[in-house]
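Architecture at a glance
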Amino acid sequence: TLFPYTTLFRSLTQCYRLLMRTLRFDRGTLLLENWPQDEVPPGFIFDARVGLHRAPAIRYFDVVLDLHRRGIPYEDQARNYEPLERHHHTDRTPREYQAEALAAWKANGRRGTVLLPTGSGKTFVAELAIADANRNALVIAPTINLVGQWYDGLRRAFGDPVGILGGGVHEVHALTVSTYDSAHLHMERYGNRFGLIVFDEVHHLPGRSFQFAASGCIAPFRLGLTATLERPDGEHERVFELVGPVVYRKEITELAGDFLAPYRTERITVDLSDDDRIAYDEARRVWRSFIDDEGIRLGGQNGWNNYLRAASRSKRGRASMKAWRRSREILQGAPAKLRMLDELLRRHRDGRVLVFTNDNATVYEISRTFLVPAITHNTDVKERRRWLSAAEGSLRVLATSRVLNEGVDIPAADIAIVLSGTGTVREHVQRLGRILRKQEGKQAILYEVVVENTSEENTSDRRRDHVAYRD
């Protein structure tokens, strides 16, 4: 006798679902089904391919709020995440600024960007945010080394399992860590699995190939972490749209001494040999004469790209590019820099020293000359981890190009020697940050070795345009 009623109930349920407004996740976007035209939320565009209105998945938070405010009933088939329900295992008490950062993030609806110096405990702020949000969470980091650090830290803080996307691993759990590359590739599939998404080193996010890692995810809660947000191309403002505004900020100078190691910076000038000076001046003359004759302005956002396009179109242009590269090689490999490095290593024979350059060739030359290990982008993961672990033990000096600029935790390092680098403020601040982990009695020093009366002086001035380098 119950059969007809059961059948009727199922039929009515099916009819209800056919008529009910439905919000659905579809490959990094949201779709509206059975939705009256006059009730379509802002941001949706009609997609003739499927006959439905579509919007980026990032609109989920605003859409849900809009529907709630208007009292419109709907069935949410987009959301596929649950409460995390994991205890935060820690005996650490948040520092005052860490608690303030969390409070500011919560006050902004659990959306926003936190700027804290390297070594100040941004990862712990993220752990506090994960525990507070209590939702399935995805942490995105720029390198596989950082993914490994996050994986280890989250396992300690929240226990197993923790998933990984990247480096040949494809495991998704309620708490997962991913590279930006892997998040971009897989967000169509997993973009509705997380209620919180954390972007480590969030200044990478505005890269054209990475933005889908944010726009293709429905996560209503978002946290961006970085020490240096601003980008020369101005694209850092995209972070505010994809993650949220800056809700909290502290500079190195505000934390040095109390929460970071006290530090000082010193710029040392050296000179070229007579032969190198002649070769350098000639290379610069060839490069500059092409720019002047072509009327190219190097300033501004597109100046360098304009030069590259012009240089590629003629034999003389290609010669100018070759001359520019030659001038950089002369500066980066100047013998006087290696002599100064020898002096500084002797001066700090009891310290833990990181030597930074802008090119691999100089790193390998330093490694051969001073018999110290080198880490470049060619160093495999196992060897890199071995040397980084040794840097916390008996290893005294480690040379690297640009791969250790960000995100590598070497608390014992107290001396940084910059032999060459780009003109970006971010890179220089990141290199300073590598030696600021506070330890008892630690006094950090950053040396910058610059060739006098060359373009390196201007480069140094540009990258030191930050409060961390001002008296």
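Treat the numbers as computed from the prediction; the structure is a model and nothing was measured. (Residues numbered from 1 in each chain as written. Predicted model: local features only at pLDDT ≥ 70, side-chain atom pairs only at ≥ 80, totals over all residues. Heavy atoms only, no water.)

Within the chain, the secondary structure is distributed over 17 helices and 19 strands. In terms of overall dimensions, the chain has C-alpha extents of about 105 × 60 × 40 Å along its principal axes. When the 471 residues of the chain are sorted by exposure, 52% land in the buried category. Relative to all contacts within the chain whose residues are 6 or more apart in sequence, the contacts with residues 24 or more apart total 71%. Only carbon and sulfur atoms are counted for the fraction: they give 49% of the accessible area of the chain, which is about 22,700 Å². For the chain, the separation between the mean place of its 68 positive charges and that of its 62 negative charges on side chains is 3 Å. (Helix = DSSP H or I, 4+ residues; strand = E, 2+ residues; numbered from the N terminus. Buried < 20%, exposed > 50% of the residue type's maximum accessible area, 1.4 Å probe, protein only. Contact = heavy atoms within 4.5 Å. Areas by Shrake-Rupley, 256 points an atom, 1.4 Å probe, with all protein chains shown as cover. Lys, Arg positive; Asp, Glu negative; His and termini not counted. Charge placed at Lys NZ, Arg CZ, Asp CG, Glu CD.)

Along the chain, His88 turns up in the loop between β5 (75-76) and α3 (96-107). A relative accessible area of 12% means that His88 is categorised as buried. The spacing of His88 and His170 is 82 residues in sequence and 25 Å in space, taken between C-alpha atoms. Not counting the four nearest positions on each side in its chain, His88 is found in contact with Phe124, Glu127, Leu128, Ala131, Ala157 and Phe158. A distance of 2.8 Å separates the side chain of His88 from the side chain of Glu127, its partner in a polar contact. (Polar contact = N/O pair within 3.5 Å; in protein donor to acceptor, adjacent residues only side chain to side chain.)

It is worth spelling out unusual backbone geometry at this point. At the junction of Asp160 and Pro161, the peptide bond is cis and its omega measures out at -5° in the coordinates. Along the chain, Pro161 turns up in the loop between α5 (144-158) and β8 (163-166). For Asn134, which is not a glycine, the phi torsion comes out positive at approximately 55°. Locating Asn134 in the fold gives a position in the loop between α4 (122-133) and β7 (137-141). Asn134 sits in the partly exposed class, given a relative accessible area of 27%.

Attention now moves to the sheet that holds strand β15 (residues 353-356). If you walk across this open sheet you meet the 6 strands as β14-β19-β18-β15-β17-β16, and the pairing is parallel. Two strands close off the open sheet at either side, each with one partner strand: β14 (263-270) and β16 (374-375). Note: β16 against strand β17 (residues 397-400), 2 bridges, orientation parallel. Each bridged residue has a counterpart across the sheet, and for Ala374 the counterpart in β17 is Ala399. Sheet contacts for helix α13 (residues 335-347): β14, β15, β17, β18 (415-418) and β19 (444-451); angle to β19, the most-contacted strand, approximately 160°. Sheet contacts for helix α17 (residues 455-463): β14, β18 and β19; angle to β19, the most-contacted strand, approximately 145°. (Pairing = 2+ DSSP bridges. Axes fitted to C-alpha atoms, helices over the stretch in contact; angles between N-to-C directions.)

What follows covers the packing of aromatic side chains. If you walk through the whole model with that rule in mind, you get 8 aromatic pairs. Counting every residue linked through ring pairs, the aromatic cluster contains Trp287, Phe290, Trp304, Tyr307 and Trp324. Note that Arg92 overlies the ring of Phe124, its terminal NZ or CZ placed 3.9 Å from the centroid. Between the NZ or CZ atom of Arg111 and the centre of the ring of Phe61, over which it lies, the distance is 4.4 Å. (Phe/Tyr/Trp six-rings, centres within 6.5 Å; stacked < 30°, edge-to-face > 60°. Lys NZ or Arg CZ within 6 Å of the ring centre and 35° of its normal.)

Here we take up the side chain of Thr228. Turning to its location among the elements, Thr228 is positioned in the loop between β12 (221-226) and α8 (237-242). By relative accessible area, which is 6% here, Thr228 ends up buried. Excluding its chain neighbours within four sequence positions, the residues that come into contact with Thr228 are His203, Arg426, Val429 and Gln430.

Our next topic: the pairing of strand β4 (residues 52-56). Taking burial as the measure, the 5 residues of β4 include 4 buried ones, the bulk of the element. Pairing of strand β2 (residues 29-33) with β4, which is carried by 4 bridges, proceeds in the antiparallel orientation. Across the sheet, the residue bridging to Thr29 is Pro56, located in β4. Counted along the chain from strand β3 (residues 45-47) to the antiparallel partner β4, the turn is 4 residues long, and its residue Gly51 has a positive phi close to 70°.

Turning our attention to helix α11 (residues 303-311). One full turn of an α-helix is made of 3.6 residues, so residues set three or four places apart face in the same direction. For α11, every residue scored as buried is listed here: Gly303, Tyr307, Ala310 and Ala311. Across the axial projection of α11, the buried residues extend over an arc of 95°, all falling on one side. Structurally, α11 contributes buried residues whose contacts are with α10 (274-294) and α12 (315-332). (Arc of directions from axis to C-beta.)

So, on to the packing of α10 against α11. With their axes 11 Å apart at the nearest point, α10 and α11 run at an angle of 95° to one another. Of the possible angle classes, the one that applies to α10 and α11 is roughly perpendicular. When α10 is examined against α11, the residues Trp287, Phe290 and Ile291 are found in contact with a partner set consisting of Trp304, Tyr307, Ala310 and Ala311. By residue class, the composition of the contact of α10 with α11 is 7 nonpolar, no polar and no charged. (Parallel < 35°, antiparallel > 145°, perpendicular 65-115°, else oblique. Nonpolar A, V, L, I, M, F, W, Y, C, P; charged D, E, K, R; others polar.)

As a further point, take the environment of Pro73. For Pro73, the location among the structural elements is in the loop between α2 (60-70) and β5. Distance in space between the C-alpha atoms of Pro73 and Thr22 is 9.1 Å, their sequence separation being 51 residues. Contact partners of Pro73, with chain neighbours within four places excluded, come to Met20 and Arg21.

It is worth spelling out the sheet that holds strand β11 (residues 196-200) at this point. Taken in spatial order, the 8 strands make up an open sheet running β9-β8-β10-β7-β11-β12-β6-β13, and their pairing is mixed. Each edge of the open sheet is held by one strand with a lone partner, namely β9 (169-171) and β13 (246-249). Strand after strand, the sheet turns through a mean of 20° between neighbouring axes, direction not considered. Bridging between strand β6 (residues 111-115) and β13 involves 3 bridges; their strand directions are parallel.

With the rule as written, the count across this model stands at 28 salt bridges. Put simply, Arg21 and Glu39 hold a salt bridge, and the shortest N to O gap is 2.7 Å. Residue Arg21 is located in the loop between α1 (3-19) and β1 (22-26), and its partner Glu39 is located in the loop between β2 and β3; the two are separated by 18 residues in the primary sequence. For the pair Arg21 and Glu39, one class covers both residues: buried. A salt bridge links Glu241 to Arg238; the nearest nitrogen and oxygen atoms lie 2.4 Å apart. Placement of both Glu241 and Arg238 in helix α8 is noted, with a separation of 3 residues, approximately one turn of the helix. We classify Glu241 as exposed; its relative accessible area is 52%. You can call Arg238 partly exposed: its relative accessible area is 23%. Counted as one network, the salt bridges with shared partners bring together Asp26, Arg27, Asp47, Arg49 and Arg54. (Salt bridge = Lys/Arg side-chain N within 4 Å of Asp/Glu carboxyl O.)

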